[in-house]
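Inside the fold
Given next are the chains, with one letter for each unit.
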Amino acid sequence: MASKENTMSKIIGALPGLLLSGAVMAMGIFSAQLIGVLLVTGGILPAGSASPISGIFTAILIGILIRNLIGLPDFFGAGIDFALKYALRAGIILLGLRLSLSEALKLGAWGVPLIIACISTGLFVTLYFTRKLNQSSRLGTLIATGTGICGVTAIMATAPVIKARENEISYAIANITIFGLIGMLFYPYLAHIFFADNPVKAGLFLGTAIHDTAQVAGAALIYAQVFNANEVIDVATITKLTRNVFIIAVIPFVSYLFFRNHRESEEGNAGQLPKWYKLFPLFILGFLLLSMMRSIGDATASGNGQAFGLFSPTGWEEFHRFWSSFGSTYMLGIAMAAVGLSTNLKAFKGMGITPFYIGLIAAVAVGSVSLLLIALFGDYVAV
């Protein structure tokens with residue numbers, strides 16, 4: 001009984017932040033549409049043109065403005081955190097219905113060489129400049145894993161292993177947040193400049209050049225909304241999920257490099273490496289499970305005339321289209337609004353400028369390598 005009451009209290013506690021995130025998402029969509037209407041009526045865009053501004057982009061900016069100009073009471077925090085963690089994961093899992101399992105695995109496999117190149121660049125460039133600029137090895141290790149793999153998740157998984165201090169964790173998260181946020185807002189337009197005729201290349205770039213899973217999802221949504229290319233969401237999501245899997249191998253490797261130079265941490269013995277299954281992002285399995293469901297549904301609909309013996313081909317198409325759209329539009333939309341609402345610019349005050357140089361160099365290096373390799377070899381990616 002106590003556990004049920006505790007669960008209910010958590011749900012009630014999360015409601016204000018969830019409702020606020022939903023309201024900011026709605027404000028962002030409305031504002032973007034209004035800007036489009038004003039541009040058309042003002043003669044700047046031809047009649048019938050879609051808004052050049054993404055609702056997701058606008059929602060993120062509105063969230064940042066609310067958080068930093070108005071401020072948020074503490075009771076919104078639980079719901080915003082919930083949206084960042086669970087709405088994001090639910091949205092990504094539901095995106096699995098957009099692709100068959102074979103398509104998802106094929107694209108993920110073809111993207112592996114590019115992913116390895118970008119991860120390696122992020123790791124070694126960051127660690128090299130950390131030494132050159134005489135910064136904390138722990139700080140450099142955290143920024144390296146965050147830049148190379150999956151942002152804040154990788155930082156938080158690495159921190160206890162190398163016994164990082166609180167201020168070092170904050171520095172690293174600030175780096176990932178600010179440069180990932182910049183990438184999320186502007187890389188969709190950069191991707192269109194270079195790969196306007198190829199959504200696969202654009203999706204590969206967004207999935208490899210941007211740090212955090214939420215930031216990749218936001219960038220892909222912005223690209224899809226502005227340039228009417230929903231395939232970019234599929235490609236960027238699969239690329240990022242494939243990249244996330246490397247956390248299992250990269251964190252032990254980076255920790256080994258750290259301890260090779262520091263046989264014992266200043267606080268005492270080295271931290272214990274988490275079990276491999278604690279490093280694996282479980283929502284990837286949910287994505288693959290729904291991709292498998294899509295594959296089986298398509299096969300049974302074409303073979304027996306009924307998907308799973310329950311849906312007509314038309315009904316099955318409506319089912320998976322509705323739920324995948326629900327995930328990409330509402331779940332990810334709420335999560336992106338929460339990204340804006342959780343971005344506290346005050347966290348960057350009082351931090352030395354040198355760690356930002358390292359984060360900037362790492363972000364530019366990863367983005368440049370991604371652009372170059374996709375431009376040279378992107379045509380070989382099969383989908």
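Look up a bit, the structure's there.
Read on for a plain summary of the structure. Please read all numbers here as calculations on a predicted model, not as lab measurements. (Residues numbered from 1 in each chain as written. Predicted model: local features only at pLDDT ≥ 70, side-chain atom pairs only at ≥ 80, totals over all residues. Heavy atoms only, no water.)

1. Describing the packing of aromatic side chains
- Tallying each qualifying case throughout the model produces 19 aromatic pairs.
- Aromatic pair phenylalanine 75 and phenylalanine 76: ring centres 4.4 Å apart, planes at 35 degrees, arrangement tilted. (Phe/Tyr/Trp six-rings, centres within 6.5 Å; stacked < 30°, edge-to-face > 60°.)

2. Structural notes on the nonpolar core
- Within the largest apolar cluster, 70 residues are counted, with the highest numbers of intra-cluster contacts made by Val24, Ile60, Leu88, Phe205, Leu206 and Met336.
- Among the elements that make up this core, the one with the highest residue count is helix α9 (residues 213-227) (10 residues).
- Every residue in contact with leucine 88, bar those within four places of it in the chain, is listed here: Ala83, Ala214, Ala217, Leu332, Ala335 and Met336. (Core = buried A, V, L, I, M, F, W, Y, C linked by side-chain atoms within 4.5 Å. Buried < 20%, exposed > 50% of the residue type's maximum accessible area, 1.4 Å probe, protein only. Helix = DSSP H or I, 4+ residues; strand = E, 2+ residues; numbered from the N terminus. Contact = heavy atoms within 4.5 Å.)

3. Overview of the pattern of salt bridges
- Applying the stated rule across the entire model yields three salt bridges.
- Between arginine 321 and glutamate 317 there is a salt bridge, with the nearest N and O atoms lying 2.4 Å from each other. With arginine 321 and glutamate 317 both in helix α14 (residues 313-342) and four residues apart, this pair spans about one turn of that helix. (Salt bridge = Lys/Arg side-chain N within 4 Å of Asp/Glu carboxyl O.)

4. Here's the deal with helix α5 (residues 137-150)
- Here α5 is 14 residues long and its end C-alpha atoms lie 19 Å apart, about the 20 Å a rise of 1.5 Å per residue gives.
- In terms of burial, α5 is largely enclosed, as 13 of its 14 residues are buried.
- Regarding α5, its N-cap is serine 136, as a side-chain oxygen of that residue lies 3.2 Å from the backbone nitrogen of arginine 138 further along. (Expected span 1.5 Å × (residues − 1). Polar contact = N/O pair within 3.5 Å; in protein donor to acceptor, adjacent residues only side chain to side chain.)

5. Let's talk about the layout of surface pockets
- Taken as a whole, the second largest pocket encloses approximately 400 Å³ of empty space.
- What lines the second largest pocket is a set of 20 residues, among which Gly55, Leu221, Ala224, Gln225 and Thr329 lie closest to the centre.
- If you list the elements that add at least two residues to the lining of the second largest pocket, you get α1 (2-41), α2 (55-70), α9 and α14.
- Ranked by the residues each element gives to the lining of the second largest pocket, the list is headed by α9, at four residues. (1 Å grid on protein atoms, 1.4 Å probe; cavity = no way out; pocket = protein on both sides within 12 Å on 5 of 7 lines; lining within 4 Å. Points joined across faces, edges and corners; volume = space filled by probe spheres on them.)

6. Looking at the packing of helix α13 (residues 283-304) against α14
- For the pair α13 and α14, the least separation of the axes is 10 Å and the interaxial angle reads 165 degrees. With respect to their mutual orientation, α13 and α14 come out roughly antiparallel. Relative to α14, the crossing made by α13 is left-handed. Of the residues in α14, those in contact with Met293, Arg294, Gly297, Asp298 and Ala301 of α13 are Pro313, Trp316, Phe319 and His320.
- A breakdown of the residues in the contact of α13 with α14 according to their chemical character gives five nonpolar, two polar and two charged. (Axes fitted to C-alpha atoms, helices over the stretch in contact; angles between N-to-C directions. Parallel < 35°, antiparallel > 145°, perpendicular 65-115°, else oblique. Left-handed = near helix turned anticlockwise from the far one by under 90°. Nonpolar A, V, L, I, M, F, W, Y, C, P; charged D, E, K, R; others polar.)

7. A word on the environment of serine 325
- With respect to the secondary-structure elements, serine 325 resides in helix α14.
- By relative accessible area, serine 325 is classed as partly exposed at 33%.
- Along the backbone, serine 325 and leucine 94 are 231 residues apart, and their C-alpha atoms lie at a distance of 8.3 Å.

8. What to know about empty space enclosed by the protein
- Applying the stated criterion to the full structure yields one cavity of 30 Å³ or more.
- In this model, the largest cavity occupies a volume close to 40 Å³.
- Considering the residues around the largest cavity, the lining is formed by Ile92, Thr213, Val216, Ala217, Thr237, Lys240 and Leu241.
- Elements supplying a minimum of two residues to the lining of the largest cavity: α9 and α10 (231-245).
- Of the residues in the lining of the largest cavity, the class split is four nonpolar, two polar and one charged.

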